[in-house]
Amino acid sequence: MPSALFVLALLAALCSLGCAMSREEKQKLRAQVVEMFDHAYQNYMDHAYPADELMPLTCRGRVRGLEPSRGDVDDALGKFSLTLIDTLDTLVLLNKTTEFEAAVRRVLSDVRLDNDIVVSVFETNIRVLGGLLGGHSMAVMLKEEGQHMQWYRDELLHMAKDLGLRLLPAFNTSSGLPYPRVNLKYGVRGPETRTGTETDTCTACAGTIILEFAALSRFTGDPVFEAHARRALDFLWEKRQRNSNLVGTTINIHSGEWVRRDSGVGAGIDSYYEYLLKAYVLLGDDQFLHRFNIHYASIMKYISQPPLLLDVHIHKPLLPARTWMDSLLAFFPGLQVLKGDIRPAIETHEMLYQVTKKHNFLPEAFTTDFRVHWAQHPLRPEFAESTYFLYKATGDSYYLEAGRTILDNLNRFARVPCGFAAMKDVRTGSHEDRMDSFFLAEMFKYLFLLFADGVDLPFDVEDYVFTTEAHLLPLSLSRAPRSSSLVPSNRTIPQSSEELDDSNFDWTCPNTRLLFPDPAFPRNLREPIRSVVDKSCPRPAPHREPGMGTPPLRAQDFMANNPEHLELLRRMGVSLIHLKDGRVQLVQHATQAVSPIAAEDGIRFMQEMMELSSQQQKEQLPPRAIQIVSHPFFGRVVLTAGPAQFGTDLSKSTTGVRGFVTVAEPYTGCSEITNAEYMQGHIALLQRGQCMFAEKARHIQKAGAIGGIVIDDNEGSSSDTAPLFQMAGDGRSTEDITLPLLFLFHKEGNILQEALKEYREVEVLLSDKARDRAAIFKGADVVHEAEEDCQMEATTPTSFAPIGQSQSSTAESDGSKVISSKEDPDTSPAEDVNPTTSAERVTEDSEKKVEPENDADSNSQSVDELLADWHEDLEAFRQMEKDEL
């Protein structure tokens with residue numbers, strides 16, 4: 001018996017180092033990947049084609065010009081059936097040869113490339129040109145095998161050359177760096193082009209051209225494309241900072257001056273480094289490896305702080321440029337595998353994996369203590385990419401389990417009836433009506449390859465290089481003749497002794513046998529990182545400046561509806577102005593105080609208010625979720641809600657609070673509830689206004705409610721455009737309040753009110769984030785008939801913006817001070833005050849307001865219409881997209 005126990009213990013120890021996954025289990029996961037791909041691809045073809053992308057919540061195609069503009073994000077759309085082209089070589093890899101042949105015929109018959117539309121040069125190159133070239137590579141391979149595509153005569157390549165010629169005008173600059181945008185029909189720099197006036201582009205935008213353009217040149221024999229791509233890379237190399245050997249994020253395409261001098265491996269730079277190394281792999285030109293190795297040495301010296309990768313300034317590389325990381329850097333461990341530097345790849349990947357497990361997905365940006373910085377996640381594939389490459393390099397089944405986690409999270413949190421929807425907020429589980437083409441082009445490729453053995457693939461992937469969009473270009477192109485350049489290089493760059501150092505060519509290929517003599521080695525690298533990410537970080541204690549005396553009214557005690565407090569403010573020269581959008585402005589005029597001492601007290605009061613506001617931003621609570629779980633929603637509608645600084649802390653509840661919604665009478669909840677008999681065990685619906693939030697909570701709690709939802713009375717307000725609203729107490733102890741109270745802006749509240757109008761009973765779940773349906777219903781059958789209506793089941797996209805986005809404070813030139821906040825009779829002094837200082841006079845324009853929508857019939861809209869018309873605000877996300885585009 002003891003020997004048996006010893007054997008079991010030994011097996012457990014060995015499994016902790018990484019048990020091999022059985023072929024049957026890998027086959028099961030591989031089949032799951034194919035099923036998920038089919039779900040996404042078929043819904044695109046059924047509901048969106050020939051549109052560029054699928055809107056999975058409303059089950060329709062996204063056509064540029066017909067949907068509200070999302071800014072730079074829409075520059076990827078060119079009315080050329082983007083998702084279909086981007087998916088071509090994925091179909092072949094997943095053994096869907098018949099579907100591939102049909103898709104190619106559709107592209108040839110339906111797609112036009114001469115549309116009068118302005119597109120991103122970068123996105124069109126990697127997605128459309130890369131997709132056409134990848135499709136051509138697959139078509140040629142299948143044709144040579146003799147069973148499929150026998151009719152094919154290089155039609156996709158002809159389309160690729162046509163598109164390449166349409167992109168070439170963008171390179172008509174003195175530097176050789178391309179304009180960021182081009183008109184597919186008219187080029188650049190003409191009145192009809194509506195582009196060509198830009199001066200800046202990102203490093204990745206200009207430096208992620210060489211693979212597609214060189215492949216196009218070598219496929220067609222026309223050297224002009226490769227020449228232009230090489231010229232752009234030459235210019236970027238010449239403009240690197242010579243001391244740090246780093247490049248900035250944004251560069252002036254005419255002067256070559258760095259516009260943004262922060263340097264990292266994420267958004268704005270990422271694929272520039274990737275293409276230097278992969279250009280060497282594809283083309284066999286030592287110069288590319290040369291440059292990559294010099295850059296890489298600087299990255300590891302300045303940017304890499306294992307397991308972190310933090311941006312620095314190119315002129316002062318020891319000075320950090322920011323304290324957060326963006327999700328695009330998740331590709332870097334995969335590139336390190338290609339480089340052969342596997343130890344830091346393991347460390348960074350493990351950090352990313354732990355962040356993924358903490359939030360279900362990688363947030364668009366997260367801090368150095370692994371908290372959410374930007375909460376969106378548009379189903380990016382970079383983490384899956386690095387997971388695949390690390391598994392290839394190590395054979396460690398740990399990475400198969402990481403892949404399983406990715407699959408499970410996609411199915412549990414992103415899958416909707418009409419595809420997969422991007423996450424609007426990884427904390428609450430709310431969705432965006434968006435499924436980018438790269439999800440089909442990249443995510444399913446890497447996941448399928450992760451779980452596939454060689455015999456499961458229709459060709460040997462070792463014969464191809466993956467572009468940044470995971471398109472497959474054959475390595476045989478390195479043997480294609482390269483004609484002399486038609487475009488002169490910027491200048492001959494002298495080779496320094498450092499550049500000729502043979503050490504720059506070390507470790508260009510991974511050798512796992514030498515790197516991992518001990519099978520426990522990868523695990524030993526991962527363990528410390530796992531504990532660091534899991535470790536909770538205590539909040540810093542509030543810092544208060546010592547006062548010069550005690551003013552008659554303290555900021556933390558102030559209540560906007562207290563007449564005595566208002567009188568004290570008047571004596572100190574502080575006036576309170578109620579704005580139309582429900583906010584409150586505090587203005588201090590020292591000359592209007594009753595005495596110099598009172599004026600000093602007023603100044604101290606304003607300073608306290610500013611300090612209190614700053615404190616609250618540091619201590620802000622994360623958003624909460626209101627999930628409609630009754631028929632016909634079944635948990636698919638999630639509304640982002642503001643928390644209260646009192647009552648039940650939903651983050652400490654594993655189940656949340658679930659109940660049917662009952663409208664309180666009176667609706668404001670500012671006096672004793674008259675319909676208490678209907679309130680017992682229910683969640684009260686209240687309107688903001690006329691009294692403190694804590695007072696409302698006490699009234700509904702006395703009536704027997706188990707929770708409360710307060711809806712903003714400011715018509716048109718929305719979490720899309722307003723910062724998160726936190727409800728504070730009433731200046732006295734709130735320990736007697738034991739139920740949860742959540743806040744909905746008017747637009748989100750209208751969704752809930754319309755549901756109450758259409759359905760007799762509406763049940764909701766109040767929680768810290770959206771719950772998995774299986775957890776909500778605990779295995780109970782869900783009515784499947786409702787799944788036929790995609791719009792009804794679509795998870796309502798809602799957004800969260802950080803506190804302070806729409807608040808301001810200025811100091812007037814006459815010595816007066818102004819503080820603006822969202823205080824109204826519902827608020828306490830601690831609520832939503834985010835003052836800053838400025839020399840400008842306060843105007844209404846200094847306050848960002850939420851205007852009500854011009855829809856007279858909005859109150860009569862059905863839930864279906866509200867969901868279908870719901871459009872997301874991507875303001876925080878656009879900044880990173882601008883970096884990338």
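One can find the structure itself at the top, above this paragraph.
Residues numbered from 1 in each chain as written. Predicted model: local features only at pLDDT ≥ 70, side-chain atom pairs only at ≥ 80, totals over all residues. Heavy atoms only, no water.

Undergrad: Got a minute to help me understand the state of the cysteines in this structure?
TA: Defined simply, a disulfide is a covalent bond joining two cysteines at their sulfur atoms. Taken as a whole and judged by the stated rule, the model has 3 disulfides. Each sulfur of the disulfide joining Cys 59 and Cys 418 lies 2.0 Å from the other. Taking the sign of the S-S torsion, about 90 degrees here, the bridge from Cys 59 to Cys 418 comes out right-handed. Here Cys 59, found in the loop between β1 (53–55) and β2 (60–62), pairs with Cys 418, found in the loop between β15 (415–416) and β16 (419–420); they are 359 residues apart in sequence, far enough to count as distant. Cys 59 sits in the buried class, given a relative accessible area of 14%. The buried category is assigned to Cys 418, whose relative accessible area is 0%. The side chain of Cys 202 participates in a disulfide bridge whose partner is Cys 205; the two sulfur atoms lie 2.1 Å from each other. (Disulfide = S-S within 2.5 Å. Helix = DSSP H or I, 4+ residues; strand = E, 2+ residues; numbered from the N terminus. Buried < 20%, exposed > 50% of the residue type's maximum accessible area, 1.4 Å probe, protein only.)

Undergrad: What's the story with empty space enclosed by the protein in this structure? I'm lost.
TA: Summary: where empty space remains is shown by rolling a probe the size of a single water molecule over the atoms. Across all of its chains, the model carries 10 cavities of 30 Å³ or more by this definition. Here the second largest cavity defines a volume of roughly 150 Å³. Together, 14 residues line the second largest cavity, and Phe 361, Leu 362, His 377, Arg 380 and Phe 383 are the ones closest to its centre. Secondary structure elements with two or more residues in the lining of the second largest cavity: α14 (382–394) and α15 (398–414). The residue inventory of the lining of the second largest cavity, partitioned by class, reads 7 nonpolar, 5 polar and 2 charged. (1 Å grid on protein atoms, 1.4 Å probe; cavity = no way out; pocket = protein on both sides within 12 Å on 5 of 7 lines; lining within 4 Å. Points joined across faces, edges and corners; volume = space filled by probe spheres on them. Nonpolar A, V, L, I, M, F, W, Y, C, P; charged D, E, K, R; others polar.)

Undergrad: So what exactly am I meant to see when it comes to the pairing of strand β29 (residues 763–767) here?
TA: Across a regular strand the side chains alternate sides, sitting on one face of the sheet and then on the other. Burial analysis of β29 places 5 of its 5 residues in the buried class, the great majority of the element. By the bridge criterion, 4 bridges tie strand β23 (residues 624–628) to β29 in an arrangement that is antiparallel. Following the sheet pairing, Ile 626 is matched in β29 by Leu 766. Across 4 bridges, strand β25 (residues 657–663) lies against β29 in antiparallel orientation. Across the sheet, Gly 659 pairs through a bridge with Val 764, a residue of β29. (Pairing = 2+ DSSP bridges.)

Undergrad: Help me out: how do you make sense of the side chain of Asp 86 in this one?
TA: Inspection of the secondary structure assignment puts Asp 86 in helix α3 (residues 82–93). Here the side chain of Asp 86 touches Ser 437 through a polar contact of 2.7 Å, side chain to side chain. Apart from residues lying up to four places away in sequence, Asp 86 is in contact with Arg 127, Ser 437, Phe 438, Ala 441, Glu 469 and His 471. (Polar contact = N/O pair within 3.5 Å; in protein donor to acceptor, adjacent residues only side chain to side chain. Contact = heavy atoms within 4.5 Å.)

Undergrad: It is not clear to me how the pattern of salt bridges should be interpreted in this structure. Could you clarify?
TA: Oppositely charged side chains can pair when the atoms bearing their charge come close. Evaluation of the coordinates by the stated rule reveals 46 salt bridges. With its nearest N and O atoms 2.9 Å apart, the salt bridge here joins Arg 658 to Glu 763. Highlighted residues: Arg 658 in strand β25 and Glu 763 in strand β29, separated in sequence by 105 residues. Take Arg 658: its relative accessible area is 35%, and that puts it in the partly exposed class. Classification of Glu 763 by relative accessible area gives buried; the value is 15%. With a shortest N-O distance of 2.9 Å, Arg 771 and Asp 768 are connected by a salt bridge. Residue Asp 768 is classed as buried on the basis of its relative accessible area, which comes to 17%. Look at the salt bridges and you will find they share partners, linking Arg 23, Lys 26, Arg 30, Asp 453 and Asp 456 into a network. (Salt bridge = Lys/Arg side-chain N within 4 Å of Asp/Glu carboxyl O.)

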